[in-house]
Structure formats: C-alpha cells, structure tokens
Amino acid sequence: MIGVWYCERHLIRPPEHPVPNPLTALRSALGDAVLAPDDPRYPAFRTGLFTPLAAAARPACVVQPEDATQVATAVRIARDSGCAVTTRGGGLSTICSATDAVVIDMKARMGGGRLIGDKARMGGGATMGQALAVLAPAGRVVPIGSVPIAGMGLATQGGFGHLTRSHGLTLDHLVEVELVTADGEIRTLSDASTGSEAELWWAVRGATPPFGVVTAATFRSHMAPVGLTVIRSVSTVEAFTEFTAWANDLPEDVCASCTLVTPTGATGPVLFAYVVAPTAAADRVRNALDAACGAPTWQESVALNYSAQPAFDPPGTGEPIAGPIWCAEKCPLLGRVSPEVAVRIVGLMRSAPSHLCRIDFQHAGGVMSRIATEATAFAGRRALWNVPIIGAWAGSGDSPVAPACGRWVSDVWVALDACIVGAYSTEIRPGLPETSREVALAFGPNLPRLGAIKRLWDPTNVFRHSYPLEVVAK
Ligand SMILES: Cc1cc2nc3c(=O)[nH]c(=O)nc-3n(C[C@H](O)[C@H](O)[C@H](O)COP(=O)(O)OP(=O)(O)OC[C@H]3O[C@@H](n4cnc5c(N)ncnc54)[C@H](O)[C@@H]3O)c2cc1C
C-alpha cells in the first residue's frame, strides 16, 4: 500500500513541536510581498494550486517576490530562523506547498520571459506555455509536456511530451539557470560553471527542488516542426496489448502515446491513443495503428501546430466535475511493455475503484535516450514510457473510496514491476514508506553524487520538503 494518505494526515495535522516562524523578519524586509495566514491573498494562493493535497497545506507564510534579490532575502531569513523553504512554480504538483514552510510563490510575479536571439529567457515562475509564446514570433519551439500550464518543476526535472522522441526532454534544452541556493546567494549556472558550481549545474538538470529556487532559466530552441499530424483514436481497452506491441518498436519520428481512461457516461475504460507522426507518413502510421488495435470507435487526424500549445484530452473527458479531484499518484518509467504486463493492466483498469482512475503511457526514448545517464542528474534515459498512474476520485480527501484508489495505484505499480526501469521524480514525496525506493529508482547511479552535492550546498536541509537524496543501504 502506498503511503500517500499518511502524508495527507501529516500535512494537515497540528505540529508536535513549536515551529519557527520568520514572518516578522520577512515582513520587515519584504513588506507587501509577504502573505501571512490572515492576509486575504493567502487563501487565494492555496485555492489556486492544482491539487487539493497541495491546497490542504498551511504554509507559515507565502512570499510573492518580484526579483531574484527578494528570493535571496526570503531564503536567507527563512534559513536563519530554521524554517523550511519550498517553491511554487506552475503549481501542478502536490509538493509545491507545505505546512509550516515559507513558500516562495514564483508564479505570482516572476513569470513570463523574452526572446534573446534564438533562446527563451524565462522567469522562474514562467509556464512552459509562456516559453512557447515567447518563441512563437521567431518560428521556434522548445519541447514541453502535454499541458502548457506546467512550470519550472517540469522543465528542471524532465519534461516528457510529443517531441521527446524527436527532440529530447525539456530539461535537455536548459543552457543557463539562475538559482538562489540555501545560503541565500544568487548563482548563474551553465556549462561555463567550474568547481562546486559545475556540480550544482549538473544536479539542477533533473533534481532542482532539493537545491534551491530557480529565478530564471534560458532554453535553447528548435525551428518549429512543420508537417506533423496528430492521430487521435479511441479503441476498446483490450487493444492496449496490441498497441504497446506496435509502439514499442516505432521509429523515433513517431510518438505514440495513449491513455487508459473512462470517458464520462461510458460503462468502462477505453484506449485513447494520440500519435504524432510526420504528415507524409500519417496514412501509413494510421493504417498500422488500426491494424494493431482493430477498427477504432472514434478517430480524427489533424495537422499539429506545436506553437499553439496542443493538449489532447480524450473525447468525453473534458466535462467539468463538481468538487475537487483528489488523487494518489505514482510515476514509474518503463522499458518495453510485455504482452503479459499489458493484459494485467487492462484487468486493473476494468476493476478500478473510481471512474476517474486513469493511466497515461507517454512515449519516450529516441533523442532523449542518446544522452548518457551520467551527463545530468536525470537518470531515466533508458525509459521507453513515462507512466503516470492516477488513482483519482471526486469529493473529499477522506472519501471512503480514497484507500481503494491508493491500493489500486499500488497494484498497478506491482503489475508493471517487471518493466520498471526508473521513476519520474516529480511526484516523489518525502516521508513515505516508499520514498527511498522511489528516489533510488529515479536517480539510479547518480544518487551518491547528488547526495554529496546536497550535503555541500544545503547542509541544514532548508529545502527539506522535497525528496531526500541520501543513499539508503539495501
Ligand atoms: C495535468 C498535468 C499534466 C502533466 N503533464 C505532464 C507532461 O506531459 N509531461 C511531464 O513531463 N510532466 C507532466 N506533468 C507532471 C509535471 O511535470 C510535474 O507535476 C511538475 O513537477 C510540475 O511542475 P510545476 O512547476 O508546474 O509545479 P510545482 O508544483 O509548482 O512544482 C513542482 C516541483 O518543482 C519545484 N519547483 C517549481 N518551480 C521551481 C523553481 N522556480 N525553482 C525551484 N523549484 C521549483 C516545486 O517546489 C516542486 O517540488 C503533468 C502534471 C499535471 C498535473
């Protein structure tokens, strides 16, 4: 059983010991940029977070800085008081806010960016959609994930999307990062960094949250791809076995992702495939998809305009749902999916405890995998699939269906076990029974080096609400 619900209790229970609160010092240094719990902007910050679990946290205060100097001041004051710091970027994860921490809300006033030559220089609170918008007038793109609202958490920890196989991960496009470290200094990191800062530059490309606050990031870019088609197709969920058998061996200019999901009003789950392919090959790819999966119950092919920030929701799943959507989530990285494993996954989809449970299979490999595992902290280079397992339900966090959704996520993980080659760090939470195992999976052979860099750059663990980086003996 995964421990996400222990964590929720941990988030909302009252502290056992008095915790330091640097509110007064922050207020006198940063004035109006600091939101205390009695500030009307404080609840607005919490409700603006994507997940109810993050919104349930009660930070000591929220700082909405307007520049890197204010971020550095906030980190220094929090550190001196013994208070933890955590960062909100796009706000999509469950770990961008924490009870009793100083939360630095980068999105509030440090988003946006500008074009510098063929590069995008983005603020630390920018979204990936904003990066595409900055590059669009130059006819250029950076590969992003499947939604434009994700922020630096995606860009600095991975970034799987429709161009991963043909162009690489978002993080492989970082050429410079401005980072406020735990000592409250502003550092510029790039290939030109030397000594211990070169180590930090290596670490932030895959594992930024435990090391500091990104206040700006520069991305290299590509000419916007032309002549791409996206084929969206709905089939019976049983076709998942044939789909993976087909997709495991595709050339890297084809990105064949899918979601196992139950459309609104449907009686059971379906396979929703979204396949990006060169337009010249689109008919051939669609025929091969149909030959593998059988006649689709719905299908559509359209030209892909990547700069327009496409997001491909399965048809019938976009309707608003009353109340917050809670979820237990894990994100393993897989190699080839075997037919035996695929059959088990179909069975688990059919027995999911909530119709909001879904599993995404984002196609990876290709260009991403040509970079050495040790080249950056991101260690999931061998992965062919990024697989968010989402045990979701509507209503309240302590709904009777919550434990069943947690168990279901755990069961899916176990069913996938034979194919797991890593983990995506974005949903690893500190303090759970499985945390160390997931950290070891996410960073693999890079973990000892990351641990050494953490001890050097954040010896008092100011950024302790992120995943721990110590090596745990087996
Ligand atoms: C609807 C949805 C769709 C998604 N689709 C994809 C996808 O297609 N591809 C993919 O790869 N991932 C995807 N993800 C996962 C996503 O990449 C992670 O949730 C990621 O952590 C989001 O980053 P964020 O900045 O938006 O969120 P946040 O919750 O703000 O941040 C996530 C983590 O990064 C840290 N962080 C954020 N900004 C900074 C900063 N400026 N400096 C230092 N640390 C920072 C936070 O402290 C936190 O630990 C998706 C998630 C959701 C909810």
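Remember, it's a predicted structure, so these values are computed and weren't measured experimentally. (Residues numbered from 1 in each chain as written. Predicted model: local features only at pLDDT ≥ 70, side-chain atom pairs only at ≥ 80, totals over all residues.)

(A) Structural detail: the overall build of the chain. Secondary structure assignment for the chain yields 16 helices and 21 strands. In summary, the chain has a C-alpha radius of gyration of 22 Å against a globular reference of 23 Å for 474 residues, a match within 12%. Across the 474 residues of the chain, 52% fall into the buried class. If you take every contact in the chain between residues at least 6 apart in sequence, the share linking residues at least 24 apart comes to 73%. (Helix = DSSP H or I, 4+ residues; strand = E, 2+ residues; numbered from the N terminus. Rg over C-alpha atoms; globule rule 2.2 N^0.38 Å. Buried ≥ 20, exposed ≤ 12 C-beta atoms within 10 Å, placed from the backbone. Contact = placed C-beta atoms within 7 Å.)

(B) How the structure looks around the domain arrangement of the chain. Each assigned domain of the chain is listed with its residue range as follows: domain 1 (4-108), domain 2 (113-223) and domain 3 (228-427). The distance between the C-alpha centroids of domain 1 and domain 2 comes to 23 Å. Tallying contributions element by element places helix 5 (residues 68-81) first for the side of domain 1 that touches domain 2, with 6 residues. Tallied by class, residues from the side of domain 1 that touches domain 2 come to 8 nonpolar, 4 polar and 3 charged. (Domains from an automatic or database assignment. Nonpolar A, V, L, I, M, F, W, Y, C, P; charged D, E, K, R; others polar.)

(C) Layout of the environment of Gly129. In this structure, Gly129 sits in helix 7 (residues 128-135). Classification of Gly129 as partly exposed rests on a count of 18 C-beta atoms within 10 Å. Distance in space between the C-alpha atoms of Gly129 and Ala308 is 8.7 Å, their sequence separation being 179 residues. Apart from residues lying up to four places away in sequence, Gly129 is in contact with Pro148, Ile149 and Gln309.

(D) Structural context of the sheet that holds strand 9 (residues 186-190). In space, the 5 strands of this open sheet follow the order 5-6-10-8-9, with antiparallel pairing throughout. Of all strands in the sheet, those with a lone pairing partner are strand 5 (113-116) and strand 9, marking the two edges. Neighbouring strand axes in the sheet, compared pairwise and without regard to direction, differ in orientation by 20 degrees on average. The pairing of strand 8 (residues 174-180) with strand 9 spans 5 bridges and is classified as antiparallel. Its bridge partner being in strand 9, Val180 is matched across the sheet by Ile186. On the sheet, helix 5 packs against strand 8, strand 9 and strand 10 (213-219) and is oriented at approximately 50 degrees with respect to strand 8. Strands in contact with helix 7 are strand 5, strand 6 (119-123) and strand 10; relative to strand 5, the strand with the most contacts, it is inclined by about 40 degrees. (Pairing = 2+ DSSP bridges. Axes fitted to C-alpha atoms, helices over the stretch in contact; angles between N-to-C directions.)

(E) Main features of helix 12 (residues 282-293). Compared with an ideal rise of 1.5 Å per residue, which puts 12 residues at 16 Å, helix 12 spans 16 Å between its outermost C-alpha atoms and is within 8% of the ideal. Looking at the buried side of helix 12, the elements it contacts are strand 12 (228-236), helix 11 (240-247), strand 14 (270-278) and strand 15 (298-303). With its phi angle positive at about 85 degrees, Gly294 sits one or two positions after the end of helix 12. (Expected span 1.5 Å × (residues − 1).)

(F) Quick peek at the site of the ligand. Near the ligand, the surroundings consist of 32 residues, among which Gly89, Gly90, Gly145, Gly151 and Gly153 are the closest. Those elements that place two or more of their residues in the shell around the ligand are strand 3 (85-88), helix 8 (152-157) and strand 10. The greatest single-element share of the shell around the ligand, amounting to 4 residues, is contributed by helix 8. Partitioned by chemical class, the residues of the shell around the ligand number 13 nonpolar, 18 polar and 1 charged. (Near = placed C-beta within 6 Å.)

(G) Structural view of the pairing of strand 16 (residues 325-330). Among the 6 residues that make up strand 16, 5 are buried, leaving the element largely enclosed by the rest of the structure. Summarising the sheet, strand 16 and strand 20 (residues 389-394) pair through 6 bridges and their orientation is antiparallel. When the sheet's bridge partners are listed, Glu329 is paired in strand 20 with Ile390.

(H) Molecular detail of the sheet that holds strand 1 (residues 34-35). Spatial strand order, 1-2-4-3: 4 strands in an open sheet with mixed pairing. Two strands lie at the open edges of the sheet, namely strand 1 and strand 3, each paired on one side alone. Note that strand 1 and strand 2 (residues 61-63) share 2 bridges and pair antiparallel. Bridge pairing links Leu35 to Val62 in strand 2. Its contacts with the sheet place helix 2 (residues 23-30) against strand 1 and strand 2, and it is angled at close to 25 degrees to strand 2. Those strands touched by helix 5 are strand 2, strand 3 and strand 4 (102-105), and its axis lies near 170 degrees from that of strand 4.

(I) Highlighting helix 5. Taking 1.5 Å per residue, 14 residues should reach 20 Å; helix 5 reaches 20 Å between its end C-alpha atoms and fits that length. Counting buried residues along helix 5, 10 of its 14 residues qualify, which places the element largely inside the surrounding structure.

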